[in-house]
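Listed below are the residues making up each chain.
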Amino acid sequence: MHPNRHGHWPDRLHRLWQSAFASVSTRQFADELYSGLLDLPGVQAVFGARLSPEDEVMVTRWADAAGLRTGPDGLAADIAALVTDLPHDGAVLPLPVLARCSPGLAARTVASGGDGMLVIAFGVAERGRGVLGLATVADASDTERLTTALTQVIEVVVAADHRISEQRALEDHQAVDALLAEASLRMDASLDITDTLRAVLRMVVPALADGAAVHIRRDERMVQVAAAHVDARREQVLADHLRAGRWAGEPVVTDTSTAVDGPLPAGLPDEVGLDTMTMGVLRARGRDVGLLTFFHRGEPGKRVTMRVLHDLASRAALAIDNATLYEQRRHDVASLQQHLLPAVLPTVPGLEFAAGYNAADHALEVGGDFYGVVDQPDGAVVALVGDVCGRGAPATALTGLARHTLETVLAEGGPAPHALGILNRKMLRDRISRFLTIATATLTPGAGGEWWVETQSAGHPPPLFVRRDGSVVESGCRGRLVGVLRDLGLRPATDRLLPGELLVMFSDGLIEARDADGGFYGDVELARTLTRSRELPLAELVGALLGGSDRYHVNDDVAVLVVRNHGTTVLDRVLPPHEVSPAVDLALRELSHGSALLDRAALPDHLARFATGPTDIRAKVAGDATWARIELTAVDPNGGTAWTELTA
Amino acid sequence: MDRTDSVTDANLVLVVEDSEVDREAIDRALSRSHPELQLEFLPNGNAVLDRLRDPTRPRPALMFLDLSMPGVDGYGVLSSVRADPAFAALTIIVLTSSTTSADIERCYAAGADSYIYKPVNFALFRTVLQGAVDYWHSLPSPD
C-alpha cells in the first residue's frame, strides 16, 4: 500500500526534492514539506524544529488544517520538554506518554484531533539537530508507512540543509576574502593610516560586527583612532566612551600583554547596545602597535572567526608599522638633507641672498643637490650650486666631500676654477665612480654699486641674469662634468650685475619640471616667471620657482640660489607709520643726487596705504642714482610686506 | 483619510537607488537572506515623499537610500523625510561607496540611522545588507 491516501506520494516527494534543491533556505520549501506530510493518511498536524548543538530550540513550525505557522507561541517550550528523549528511529508516542514528557505538545495533538505522535530526530549541519513530528490518529494511519514517509522527507531536509549550509559557508568565505582583499588594498594604497583604518571599519560594520574600534599605540598608551556602530545614534556614545580612555571594562587601555581573544563582555554603557566583544592585538615585528576590537549584540556571528579577526589585525598592524617607519625615514632624510645645506647664508653689504631646496616626491633617500655661499678674504663672494649624480648614502657622501673641498679652498681665497680642479683630481684619484655638476659665480665689488660676476659651469646649467628691464640672459660659461676627465675644459664668462639685477642659479631638476602637456619649465616659462616676478621679495621668488609657477610639477631634487644686487642701503629702520613717507622721501633724495625721476614728493599709492596701519613699519630703501627699491614690512608678523622698484 | 493613517508594514523595505545594476544586486541579496521582506524600488529621490505620504499603501519600516543620484540626491531625500515628523519611525540606511569622514558626518547630521559602505564584491555586499537588516529588524519596535 502506498503511504499517500491519494496515491501520489512519489510525485510529492519528487517535487519536494526539486524545491529543496532550488532553495537557498529551508524556509523556502517549508510549504511543500508540511503540506505533503499533512496529506498523508491519519496525519492531523505536523511540527518541525531546529535545535542548536546545545539543544536550544531555535526555529519551530506547526502545520494543521488552519495552515502553516512559524514560531507559534509556546511551541518552542513544548518541544524543549521533549529534547532529552528524542527517538532517532521513529516511534509513536501515545498520548499518556507524550503528556508526561510534554503536556503542551500533548494538548496540541489533542486539539488537532490526534491521539498519538510519531517523532523522529535527525542530525543537521553545524552539529545541530532537527525534529519532525506527526500528530496521528491510530485508527486511520499505518505507522510503518508513515515512518517510511517521514524518513524520506528527513533525507530531503538533511541533504538540502547540508547543501544550503555549505553554500552559505562558501559565500561567507567569499565575503570575508573580499573584505580582507579590499581592506588590504586600502591599507597598501595610503600612508594616512588613521584615515585608512576608519575606512576599513566602515567595511567591517555591519558585515562582520555591529560595532568596531581601532586603537593605536601612541606614547605608550592605546589611543582610539576610529570607531563605528551600525546605529548612527549609538556610534557617538561608543566613540565618546572609547575616546575617554575607557574600553573593555578597563579605565584606561595601557597593556595588551594580557589581552584575550574573546568573546568577552564588552563593558560598554547600556546605551551603546553592544554587550560582547572579540579583539585582536595589532602586532608587527614583535611590537604591539594597536588593537582591533569587534563589538556584538550577543554572541559574535559565524563569520567572525578568530582567524578572520587576526588576519585583518595583522594586515592593519603591517600597514601601521609601514606608515610609522616611512614617516621616521622621511624625518631622518629631511634632517640629513638639512645638514648638507648651509644653515644660514652670509650677510654681504650690497647683496641679498635667498635659497631653497625641493626634495623629490616621496623620496626616502637624501638627494645630491646642494648650494652654498662663501666669503673670500679679498671681499669677493662665491655662490655655488651643485648636483651629485644619484641619491642615497653614496651620493650623500660625495655631496659632503664636494661641499667641504670647495668651500675650504674658496674660503682661503682660492679661485673657483682652482677649487673645482682640486675636487676633480681628488675624485679621479680616489676612483669615485660618481660624477657631479656644479656652477659657481664669483662676485667682486665694482664701482658705483655694481658687482663683477665671473661664472663657471662644470657640466651644470649656466646661471641666469635678470636685468633691470626684465630681460633674462644666460651666462656664456661652459665646462665638463667633475669627476670624469682630467681636464674640466672650463670656459668662464664675466658679466656685470647692476643694482636692481638678479643672478639666478639652480640645478637641472628645475628646468626639467614638466607641465600636464609634457612641456619643460626651462623652455620658456622659467624666463617669463623671472621677468614677471623679479621684484618679489627674494624668498617669495625662490618659492615661486620651486612651485613651478603653479603649473609645472617640480618633482625632482632641486636647489635654487638667487642673488640680488640691491646697491647702497640708505634707509633700514623701524618707524611709526606717519614717519615712513618723509623718511623714504629723504632716502630717495640721497640716492638720486638730484635726479628728477627718483625725487618723489610722495610714496606710491599702494605703499602709502600700507603705511597707514596701526603698527610700526620697517622701511628699507636701497639702490643707486638710477634705480631704487623701497620695501616696507609691518613689524606685526601678520602684517606682510609691500614694495616697489623705481628706475630713472 | 489622514496621511498618518497609513499602516507601517514591518516587512516592507523601500529601496531608492538610481543604478539598475545595484537595484538588481539588492533584490538578489535580500531575497536570499530575508525572503520575508517585500522590496519596493524607486529609481530616484524625486518621488520618495509622495510614496511615503500615499495613504492608500502601507508605509515601509525601512529605507535603503543611495547617496549619489541625479535630481534629488540622497542628502536631499534625507533632509526632506526627516523634516516630516510623521516619518520619524522610518529607519533610513544610507548606501554609498564613500568612506570619508565628512560624508559620514553629513549623513548623520541629516538624520541617517545607518551609514553603510557599498562594496563592489557581491558576496560582501550581501553580507553587509544582511547585517544591516538583521540589526534593525532585531530591535524592539518603537510602537
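Conventions and cut-offs
- Residues numbered from 1 in each chain as written.
- Chains lettered and ligands numbered in written order.
- Predicted model: local features only at pLDDT ≥ 70, side-chain atom pairs only at ≥ 80, totals over all residues.
- Heavy atoms only, no water.
- Helix = DSSP H or I, 4+ residues; strand = E, 2+ residues; numbered from the N terminus.
- Buried < 20%, exposed > 50% of the residue type's maximum accessible area, 1.4 Å probe, protein only.
- Contact = heavy atoms within 4.5 Å.
- Areas by Shrake-Rupley, 256 points an atom, 1.4 Å probe, with all protein chains shown as cover.
- Lys, Arg positive; Asp, Glu negative; His and termini not counted.
- Charge placed at Lys NZ, Arg CZ, Asp CG, Glu CD.
- Rg over C-alpha atoms; globule rule 2.2 N^0.38 Å.
- Pairing = 2+ DSSP bridges.
- Axes fitted to C-alpha atoms, helices over the stretch in contact; angles between N-to-C directions.
- Buried area = accessible area lost by both parts, 1.4 Å probe.
- Salt bridge = Lys/Arg side-chain N within 4 Å of Asp/Glu carboxyl O.
- Phe/Tyr/Trp six-rings, centres within 6.5 Å; stacked < 30°, edge-to-face > 60°.

In the annotation of an unreviewed UniProt entry, the entry for chain B reads Response regulatory domain-containing protein, and the organism field reads Actinokineospora globicatena.

Peer 1: What should I look at first to understand the overall build of chain B in this one?
Peer 2: Helix and strand counts for chain B stand at 5 helices and 5 strands. Along chain B, helices (α) and strands (β) appear in the sequence β-α-β-α-β-α-β-α-β-α when read from the amino end. C-alpha extents for chain B along the principal axes are approximately 45 × 35 × 30 Å. Looking at chain B as a whole, 53% of its 143 residues are labelled buried. Residue pairs at least 24 apart in sequence account for 68% of intrachain contacts in chain B once pairs closer than 6 positions are excluded. Just so you have it, chain B exposes about 6100 Å², and 52% of that area is on carbon and sulfur atoms. Computing the positive centroid from 12 side-chain charges and the negative centroid from 21, chain B places the two 1 Å apart.

Peer 1: Just to check I follow, could you spell out the overall build of chain A for this structure?
Peer 2: When helices and strands are tallied, chain A shows 16 helices and 25 strands. A globule of 648 residues ought to have a C-alpha radius of gyration of about 26 Å, yet chain A, at 43 Å, is considerably larger. When the backbone C-alpha atoms are referred to their principal axes, chain A occupies close to 135 × 65 × 45 Å. Counting over 648 residues, chain A shows a buried share of 51%. Taking the intrachain contacts of chain A between residues at least 6 apart in sequence as the baseline, contacts between residues at least 24 apart amount to 62%. Entry remark: accessible area of chain A is about 28800 Å², with carbon and sulfur atoms responsible for 52%.

Peer 1: Would you mind showing me how to read the sheet that holds strand β25 (residues 641–647) of chain A here?
Peer 2: The strands making up a sheet associate through hydrogen bonds between their backbones, and the pairing can be parallel or antiparallel. Residues and elements named next belong to chain A. If you trace the 4 strands from one edge of the open sheet to the other, you get β22-β23-β24-β25, paired in antiparallel fashion. Edge positions in the sheet fall to β22 (568–575) and β25, since each has one partner strand and no second. Along the sheet, successive strands turn relative to each other by an average axial angle of 10 degrees, direction set aside. Bridge count between strand β24 (residues 627–634) and β25: 7 bridges; the pairing is antiparallel.

Peer 1: Even after reading the chapter, I still don't get the interface of chain B and chain A, so can you show me in this structure?
Peer 2: When the parts of a complex come together, some accessible area is lost, and that lost area is often used as the size of the interface. Chain B puts 33 residues into the contact, and the matching count from chain A is 29 residues. Both sides of the chain B and chain A interface together cover about 2500 Å² of buried area, and 50% of this is carbon and sulfur. In terms of surface lost to chain A, no three residues of chain B exceed R32, Y117 and Y135 of chain B, which account for 26% of the buried area on that side. Linking chain B with chain A are 2 salt bridges. The closest approach of N and O atoms between R233 of chain A and D113 of chain B, which form a salt bridge, is 2.1 Å.

Peer 1: Before we go on, may I ask you to explain the side chain of T60 of chain A in this structure?
Peer 2: Mapping T60 of chain A onto the fold places it in strand β2 (residues 57–64). Sequence-distant contacts of T60 of chain A, defined by excluding residues within four places in its chain, comprise G48, A49, R69, T70, G71, P72, L75, A76 and I79 of chain A.

Peer 1: What is the right way to read the pattern of salt bridges from this model?
Peer 2: One side chain can pair with another of opposite charge once the charged atoms of both are near each other. Residue and element names in this part refer to chain A. Going through the model one piece at a time under the given rule, you end up with 42 salt bridges over all chains. Here D142 makes a salt bridge to R145, at a shortest N to O gap of 3.5 Å. Overall, the relative accessible area of 29% leaves R145 in the partly exposed class.

Peer 1: Is there a simple way to think about the packing of aromatic side chains in this case?
Peer 2: Each pair of aromatic rings is reported with the distance of its centres and the angle of its planes. All names here are of chain B. Counted according to the given criterion, the structure contains 4 aromatic pairs over all chains. Each ring, one from Y108 and one from Y115, has its centre 6.5 Å from the other, and the planes form 90 degrees; the classification is edge-to-face. Residues Y135 and W136 carry aromatic rings whose centres are separated by 5.1 Å and whose planes lie at 85 degrees to one another, so their mutual orientation is edge-to-face. A residue is classified by how much of its surface remains accessible, and Y135, at 1% relative accessible area, is buried.

Peer 1: Quick question: what am I supposed to make of unusual backbone geometry here?
Peer 2: Glycine aside, negative phi is the norm for most residues, and most peptide bonds take the trans geometry. Residues and elements named next belong to chain A. Here V205 and P206 are connected by a cis peptide whose omega angle stands at 5 degrees. Backbone geometry at D55 places phi at a positive 65 degrees, although glycine is not the residue there. Take D55: it is sitting in the loop between β1 (43–51) and β2. For D55, a relative accessible area of 30% corresponds to the partly exposed category. Although it is not a glycine, D550 adopts a positive phi angle of roughly 60 degrees. Inspection of the secondary structure assignment puts D550 in the loop between α14 (538–546) and β21 (558–565).

Peer 1: Help me understand the environment of M63 of chain B, please; the structure alone is not making it clear to me.
Peer 2: Residue and element names in this part refer to chain B. Considering the arrangement of structural elements, one finds M63 in strand β3 (residues 59–66). On the basis of relative accessible area, M63 is assigned to the buried category, the value being 0%. Contact partners of M63, with chain neighbours within four places excluded, come to L14, V16, V48, V77, V81, L90, T91, I92 and I93.

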